[in-house]
Amino acid sequence: MLPGCAQLLDELPDTVYRVCDLLMTAVRRNGPAYRDSVLKQVVKQVWEAADVLIQAALPLTTSDTKTVSEWISQMGTLPQAANLATRILLLTLLFEELKLPCARVVESSCVLDVLIKLLEVVQPCLQAAKEHKEVQTPKWITPVLLLIDFYEKTAVSSKRRAQMNKYLQATGNNWRWFDDRSGRWCSYSASNNSTIDAAWRAGDTSVRFTAGRRRYTVQFTTMVQVNEETGNRRPVMLTLLRSPRAAAKAGKDGGGADGGGVEEGRGKDEPNAPDAPQEEPPPSSILPSSSSSPSSSSSSPPSPDDPSAWAESPVRGLAEEAVPAVLRACVSMLGVPVDPDTLHATLRLCLRLTRHHKHALLFAELRSTRTILGLTQSSGFTGFTPLVTLLFRHIIEDPCTLRHTMEKVVRSAATSGAGSTTSGVVSGSLGSREVNYILRVLGPAACRCPHVFTEVATGCIRIALPAPRGSGTASDDEFENLRIKGPNAVQLVKTTPVKPTALPTIPEPIKDVIYDMLNALAAYHAPEE
């Protein structure tokens, strides 16, 4: 079937979306082996077309019969250029549907090395076109940049998933919904918990279930439960079962007494809220305390493309030595400038690669900020301003600045609480300062730089212990332990006192970026009304 699809793409390039739908239907019917075969054939066609363009883009010599204009235009006029554009676009469309399998095929084939080489050798053609004022961006550049961006995104996702999978159980994980008025995470009934967990494992984006006379939808993309009748929202989270060895050790150390019995009583002791599902006691298993790490309980877990692939090693991502080559090619294209769609893809890829500050500094040293600030209105696209703002932040946020900024964000959330209309938590409520909910809200900060977030949160967040009760007897002490440290305890957060720190020194590349932005502001002339 694929040869017929390839011929159709050559004759009618606009049918690429229909071809993708056809291939996806065939993949679903024929299984993983057929899927991998299709992906490998598409990647092979991409490789062959890219290799021809690499040879064609070599600099002209005295023996060449081509003119400069012909050499410039061939990147868009050669038959292989049109073939590469359609095949790469087809591959990116398949990537959106088959993220992990596609990433593994791309990685094993090393086709990205060829595409990065192609991006490097095409830059002289683009610069020559700029000098001759004949700039026509080849159609294949945008999907090539998107493919690299998708691959890097999948690599990050697979590494996070691999970290999370260390704590997942083969059968049955515990899901909970949040009551922000009491500040407690409440277990679902056993049957509803199984329904939710099965849907998440199957890769569904949402699942519907019934509790009492009410119907609910759990949306895995936002980790929110929605009452279908009233529209009220509540956060949900996935808690993780401890392994038997860890559970036995906890029991031996005296910590196991808190786990089984009290956790079973969570559903019984919890008052029924108007928009809360009816609860039943959860299965008798030892669950982690509510101060679980954000990666295991508070963040939105990515749904797998293929559950059988969970145990495989994560996608490696771009090699360290390939990133500077990609950044140099991107900065060169910024100066041409390329068309708005290609510019959008270029800035997106730069944003992903500059999350590591050493790459952001390289991006700045290539004078990219001046080039971006010098772009005209004709290069604009929807979302240009926030994308460039984030890029500049990646440059300015050196490790010391990032740590300082992240500490301000963490302290603000832990001190004032964090209400959210998306998840239905009221600002100022008891639950807006609950530890797992706060970690959930701070998920974007944790994703920005996990190790810095861990250090900052560990240094400035503490559990606010309630005032002691009782007269000091043994029974009172046992009750206090359960009330303060038990799984059903409400664990609110507080912050440690702020420690004075010296102002960090600003590196020279960052100073240059700040000067460039100030100069752009000084040179800006507001349009006349």
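Predicted, not measured: the structure shown is a model, and the values here were computed from it. The numbers attached to residues start from 1 for each chain and follow its sequence in the written order. Predicted model: local features are reported for residues with pLDDT of at least 70 only, side-chain atom pairs are reported and counted for 80 or more only, and whole-chain, interface and lining totals are derived from all residues. With hydrogens and water excluded, all non-hydrogen atoms of the structure serve as input to the side-chain values.

Turning to the pattern of salt bridges, a few remarks are in order. Just to be clear on terms, a salt bridge is a Lys or Arg side-chain nitrogen sitting within 4 Å of an Asp or Glu carboxyl oxygen. Applying the stated rule across the entire model yields 18 salt bridges. The salt bridge involving Arg-35 is made with Asp-36; its shortest N-O contact spans 3.1 Å. Only protein chains enter the calculation, and the probe is 1.4 Å; a residue is then buried if its accessible area is under 20% of its type maximum, exposed if over 50%, and partly exposed in between. The class of Asp-36 is partly exposed, set by a relative accessible area of 25%. The partner of Glu-455 in a salt bridge is Arg-403, with the nearest N and O atoms 2.5 Å apart. Here Glu-455, found in helix H22 (residues 450–460), pairs with Arg-403, found in helix H19 (residues 399–416); they are 52 residues apart in sequence, far enough to count as distant. Only DSSP runs of H or I with at least four residues qualify as helices, and only runs of E with at least two residues qualify as strands; both kinds are numbered from the N terminus onward.

This brings us to helix H3 (residues 32–56). Structurally, the α-helix is built with 3.6 residues per turn, so residues lying three or four positions apart point the same way. Here a helix's expected span is defined as the number of its residues, less one, multiplied by 1.5 Å. Here H3 contains 25 residues, and its C-alpha end-to-end distance of 36 Å stays within 8% of the 36 Å for a straight helix at 1.5 Å per residue. What H3 keeps buried is the set Arg-35, Val-38, Leu-39, Val-42, Val-43, Val-46, Ala-49, Ala-50, Leu-53, Ile-54 and Ala-56.

On to the confidence of the model for the protein. Per-residue confidence for the protein averages 82 on the pLDDT scale, and 81% of its residues sit at or above 70. Per-element confidence in the protein ranges from a low mean pLDDT of 35 for helix H12 (residues 256–269) to a high of 95 for helix H15 (residues 340–353). Confidence of the predictor in every single residue is expressed as pLDDT, which spans 0 to 100.

This part is about the sheet that holds strand E5 (residues 224–227). In this analysis, strands are considered paired if DSSP registers two or more bridges between them. In space, the six strands of this open sheet follow the order E2-E1-E6-E5-E4-E3, with antiparallel pairing throughout. Pairing within the sheet leaves two strands with one partner each, and these edge strands are strand E2 (184–187) and strand E3 (206–211). This sheet shows a mean twist of 35° between the axes of neighbouring strands, independent of strand direction. Sheet topology note: the E3/strand E4 (residues 214–219) ladder contains six bridges and is antiparallel. Its bridge partner being in E4, Ala-211 is matched across the sheet by Arg-214. In this analysis, two residues are considered to be in contact whenever any of their non-hydrogen atoms come within 4.5 Å of each other. For helices, the fitted line uses only the C-alpha atoms of the stretch in contact; every axis is such a line through C-alpha atoms, and the angle between N-to-C directions lies from 0 to 180 degrees. Sheet contacts for helix H10 (residues 190–201): strand E1 (174–179), E3, E4 and strand E6 (233–239); angle to E3, the most-contacted strand, approximately 175°.

Looking now at the side chain of Ser-423. Here Ser-423 is to be found in the loop between H19 and helix H20 (435–441). Residue classification places Ser-423 among the buried positions, given a relative accessible area of 5%. Contacts of Ser-423, omitting those with residues within four sequence positions, involve Val-224, Arg-233, Arg-234, Pro-235, Tyr-437 and Arg-440.

What follows covers unusual backbone geometry. Here Val-336 and Pro-337 are connected by a cis peptide whose omega angle stands at -15°. Examined against the element boundaries, Pro-337 turns out to sit in the loop between helix H14 (322–334) and H15. Even without glycine at this site, Cys-110 takes up a positive phi of about 60°. Turning to its location among the elements, Cys-110 is positioned in the loop between helix H6 (99–109) and helix H7 (111–121). Taking relative accessible area as the criterion, Cys-110 reaches 38% and is therefore assigned partly exposed. For Met-223, which is not a glycine, the phi torsion comes out positive at approximately 55°. Along the chain, Met-223 turns up in the loop between E4 and E5. Its relative accessible area of 0% is what places Met-223 among the buried residues.

Here a pair means two rings of Phe, Tyr or Trp (six-membered ring of Trp) with centres within 6.5 Å. Their orientation is stacked below 30 degrees between planes, edge-to-face above 60, and tilted elsewhere. All chains considered together, the criterion is met by eight aromatic pairs. With 5.6 Å between their ring centres and 20° between their planes, Phe-209 and Tyr-216 make a pair best called stacked. Each member of the pair, Phe-209 as well as Tyr-216, carries the same accessibility label: buried. Among the aromatic side chains, those forming a connected cluster through ring pairs are Trp-175, Trp-200 and Phe-220.

Below, the discussion takes up the environment of Thr-496. By the secondary structure assignment, Thr-496 is in the loop between strand E8 (492–495) and helix H24 (508–523). Overall, the relative accessible area of 18% leaves Thr-496 in the buried class. In sequence terms Thr-496 and Arg-411 are 85 residues apart; their C-alpha atoms lie 8.8 Å from each other. If near-sequence neighbours (up to four positions away) are discounted, Thr-496 is found in contact with Arg-411, Gly-459, Cys-460 and Arg-462. In protein, a polar contact requires one atom able to donate a hydrogen and another able to accept it; more generally it is a pair of N or O atoms within 3.5 Å, and residues adjacent in sequence count only if both atoms are side-chain atoms. A polar atom in the side chain of Thr-496 sits 3.2 Å from the backbone oxygen of Gly-459.

Attention now goes to the nonpolar core. If you look at the biggest cluster of nonpolar residues, it comprises 95 residues, and the most contacted ones within it are Trp-140 and Leu-347. Not counting chain neighbours up to four residues away, the residues in contact with Leu-347 comprise Leu-334, Ile-372, Phe-381, Phe-384, Leu-387, Val-388 and Leu-391. Counting 25 residues, the second-largest nonpolar core is a separate cluster that includes Met-406, Ala-414, Leu-442 and Val-452. Think of a nonpolar core as a cluster: buried Ala, Val, Leu, Ile, Met, Phe, Trp, Tyr and Cys residues, connected wherever their side-chain atoms sit within 4.5 Å.

This next bit is on the pairing of E6. Extensive coverage of E6 is indicated by the burial of six of its seven residues. Two strands pair when backbone bridges link them, and E5 and E6 are joined in this way by three bridges, in the antiparallel orientation. Note on E6: the bridge partner recorded for Gln-225 is Arg-234. Where E5 hands over to E6, the hairpin turn is made up of five residues, of which Gly-231 adopts a positive phi near 80°.

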